[in-house]
Amino acid sequence: MIKKKIIALSFIICMVGAAYAQERKEFVFEDLGKPIRMNLPIELVTDAPETGPIAWAGLTDADRSALVGVHMESGQLTQVDLTPYGKANSVLLFKQSERVLYLFAGVKGRFLKYDIPSGKLSTIGEPSIATYWVRGSFTVAPDGKIYVGTFPQGSLSIFDPATEKVEHLTRISPNAGIEYIIKPESDADGIIYCPMGMHHGELWSFDPKTKEKKQLLPKNLQTYGVPSIWRAEDGKVYGKKGNTVFLCSADEITIGQTQPALTKNSPVLKGKKALHIDDNGSLVLEDERTKEQTRIKSTFEASAKLVFSISDIHDGKLYGSSMKPGNMFSYDTKTGELTNMGRVARGSTQIYDLLSYGKGLFVSSYTGGYIEYFEPGRPRSANNPRLLAHLHRLAKQERLVQLVLGPDGKIYSPTAPIKGHIGGTLLQIDPVAMKTAIFRHEDLIPDQSYTSVTSVPETNEIFVTSSIQGGTSAKPTEKEAWVFLWDPKTQKMTYKAQPIRGATSYSKTVRASNGNIYGFSGNKFYVFNPVKREVVFQGEVKGRDASARVRVVVSEQAGADDLLYVVDSAGGNLIAINPSNHSVHILAQHDSLKGARFAEVQADGYLYYSHGPSLMRVKVTP
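As the structure is a computational prediction, the values presented were derived from the model and not from experiment. (Residues numbered from 1 in each chain as written. Predicted model: local features only at pLDDT ≥ 70, side-chain atom pairs only at ≥ 80, totals over all residues. Heavy atoms only, no water.)

A. Layout of the overall build of the chain. The helix and strand tally for the chain stands at 2 helices and 57 strands. Over its C-alpha trace the chain gives a radius of gyration of 27 Å, about what one expects of a compact globule, namely 25 Å for 622 residues. Projecting the C-alpha coordinates of the chain onto the three principal axes gives extents of approximately 90 × 55 × 50 Å. Considering the chain as a whole, with its 622 residues, one finds that 55% of them fall into the buried category. Here the analysis covers contacts within the chain between residues at least 6 apart in sequence; of these, 48% occur between residues at least 24 apart. Per element, the accessible surface of the chain, about 26,700 Å² overall, is 48% carbon and sulfur. Looking at charge distribution, the chain has the averaged site of its 73 positive side-chain charges lying 4 Å from that of its 64 negative ones. (Helix = DSSP H or I, 4+ residues; strand = E, 2+ residues; numbered from the N terminus. Rg over C-alpha atoms; globule rule 2.2 N^0.38 Å. Buried < 20%, exposed > 50% of the residue type's maximum accessible area, 1.4 Å probe, protein only. Contact = heavy atoms within 4.5 Å. Areas by Shrake-Rupley, 256 points an atom, 1.4 Å probe, with all protein chains shown as cover. Lys, Arg positive; Asp, Glu negative; His and termini not counted. Charge placed at Lys NZ, Arg CZ, Asp CG, Glu CD.)

Take a look at the structure:
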């Protein structure tokens, strides 16, 4: 007994010493590079006598929102900064003449005019309420008017180049849960068709002359997701919802009729197709006849996408993903080589987590709620990555936010539902049989999404946290979030609690070496002893200024020094929590920590995190 007490006391002294030593240490923050650089597609070309031939693109990446032009002969770069109007999700371009371009950009979205010879940019009309739209979410009617579909409130922004008059229409659909228009289309008669969605899909026709509008989809086709529509060579608009194809008219759809979409070719000038600006900043041109490609070097810095997730190390490489698109990347921890692996997962927007297991990685991606198994050492094929589950289809789930190996050898993922819905699931993956099981919110904590999982080897259980929030636009029905223990053997909940009064959402948890679990809600934290089944401490993470806002991003793994590492992504603070006495220590402050979404301590002693398009790290343990 005496020996045990001495060992415990010695452990506490070491832990306290480690925390104080860290406070005196100088930390070096390293920018490892931008792992995901992408081609920038060319959208149109102009050839004014004063300027010569220029290929144009709209740019939105992790750092910039801009109009980009590259001279097709000299490579001279034109870059017009649009960030003063707000960094848009997408920049839309429209060619009025060889001298004039119109744009839709900014937040809130608005129309702008760019005079090419003079380089003058000016605003047109008032801004809309739009905060989001996708590339290609517009149509040009036969009379030349431009219609842009946006979010929120399922809105249309309308611009007449002939008069430069702007009109913004909101609530094309009056129905609750319908918040966006994606890729509207005009037919030869000038009727505008608006695919709409969020909670469910709708399709509206809008007659600009009479201002009449009508919802065209029958009830059985008003399922989740927007219908896709396109204009065919006959000037009519056709669509598809699920496996159902149809022809659109102002009053109805005719099921079973379809034609292929008009082919949209790359912009061409004097026999040269302008394809894209590559990841080295060169404009790529293709000869229409010979298909031979040439590259025109420019000073453009290639588009870099936002780094989203930092996940696991597998065979000496750290893996993560970017945002929009959800490309996978790797970082070789020995050589420092960054590799853009492209689209690997089926979810196109982002990869939430990657878990090293056996010869490969389990991958969870959004949208669609996909779980896959990918072996980086094997060529990609129809079965690599191997699809294990599509949660959107199976359980109306789309965000599988974490992958954790449980005490029973199974892998667990907490999930959040599709847009407009409430109630998550707990997904179980058998990594040997490669099979999955779904435990629904009705059998756990009803009407809650699940936000994190932590393995509890002492009791052979898992610790799960929840949130009252559902999918985007869903209205919560509960008032407080929960935490609970779940027994994989009995598949039953064995304990539940609300450790922080009034908390509506709990975020990621981390298990300390002494077995206690640290969990967070905002900047408040609780310490849960899973063996005693009780909350043993409550505390708060504060910035250097006690009144400053704090946003906690916690590493799932403790450091080799047994400290728990936290990034305050609002204040840019590197923080350690000492599990021996629950004390909180601000170790350093650095601007690169601001905005980090993920931060993970790895076995090499570095805390890896994201800063915009860059992968960053700081050494925290030897």
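B. Inspection of the sheet that holds strand β50 (residues 534–540) at higher detail. Within the open sheet, the 4 strands sit side by side as β47-β48-β49-β50. Their pairing is antiparallel. Here the strands that pair on one side only, and so sit at the sheet edges, are β47 (510–511) and β50. Where strand β49 (residues 524–529) and β50 come together, 6 bridges link them in antiparallel fashion. Paired with F525 across the strands is G539, a residue of β50. (Pairing = 2+ DSSP bridges.)

C. View of the sheet that holds strand β7 (residues 77–81). The 4 strands lie next to each other as β4-β5-β6-β7, forming an open sheet whose pairing is antiparallel. Strands with a single pairing partner mark the edges of an open sheet, and in this sheet they are β4 (44–48) and β7. Between one strand axis and the next, the sheet turns through 25° on average, direction left out of account. (Axes fitted to C-alpha atoms, helices over the stretch in contact; angles between N-to-C directions.)

D. Spotlight on the pairing of β49. With 5 of 6 residues buried, β49 is to be regarded as a mostly interior element. In this sheet, β49 lies alongside strand β48 (residues 517–521) in antiparallel orientation, the contact comprising 5 bridges. Looking across to β49, one finds that G519 is bridged to Y526. Hairpin connection, β48 to β49: the antiparallel pair is bridged by 2 residues, and G522 has positive phi, about 65°. Hairpin connection from β49 to β50: 4 residues lie between these consecutive antiparallel strands, with R533 at a positive phi of about 60°.

E. Geometry of the pattern of salt bridges. For the coordinates displayed, the defined rule picks out 21 salt bridges. Across the pair D278 and R295 runs a salt bridge, and its minimum N-O distance is 3.0 Å. Of the two residues, D278 is situated in the loop between β26 (272–277) and β27 (282–287) and R295 in strand β28 (residues 293–297); the sequence distance between them amounts to 17 residues. Put simply, K34, R37, D63 and E301 are held in one network by salt bridges that share partners. (Salt bridge = Lys/Arg side-chain N within 4 Å of Asp/Glu carboxyl O.)

F. Broad picture of the confidence of the model for the chain. In the predicted model, the chain carries a mean pLDDT of 94, and 96% of its residues have values of at least 70. Confidence over residues 1–16 falls short of pLDDT 50; this stretch has 12 contacts with residues more than four positions distant or in other chains. (pLDDT = per-residue confidence, 0-100.)

G. Broad picture of the nonpolar core. With 19 residues, the main nonpolar core has F27, Y565, L574, L607, Y609, V618 and V620 as its most contacted residues. Among the secondary structure elements, those contributing two or more residues to this core are β52 (564–568), β53 (573–578), β54 (583–589), β55 (599–601), β56 (606–611) and β57 (614–619). Ignoring anything within four residues of it in the chain, the contact list for Y609 reads F29, I310, S592, L593, A596, F598, A599, S614, L615, M616, R617 and V618. Formed by 17 residues, the second largest nonpolar core is a distinct cluster that contains L40, A55, A66 and I277. (Core = buried A, V, L, I, M, F, W, Y, C linked by side-chain atoms within 4.5 Å.)

H. Here's a closer look at the side chain of T465. Turning to its location among the elements, T465 is positioned in strand β44 (residues 461–467). In this structure T465 comes out as buried when scored by relative accessible area, which is 0%. At 2.6 Å, the side chain of T465 and the side chain of T451 are in polar contact. (Polar contact = N/O pair within 3.5 Å; in protein donor to acceptor, adjacent residues only side chain to side chain.)

I. Local environment of the state of the cysteines. A full pass over the atoms with the stated rule returns 0 disulfides. Of all cysteine sulfurs, the one in C248 lies closest to C194, which takes part in no disulfide; the gap is 11 Å. (Disulfide = S-S within 2.5 Å.)

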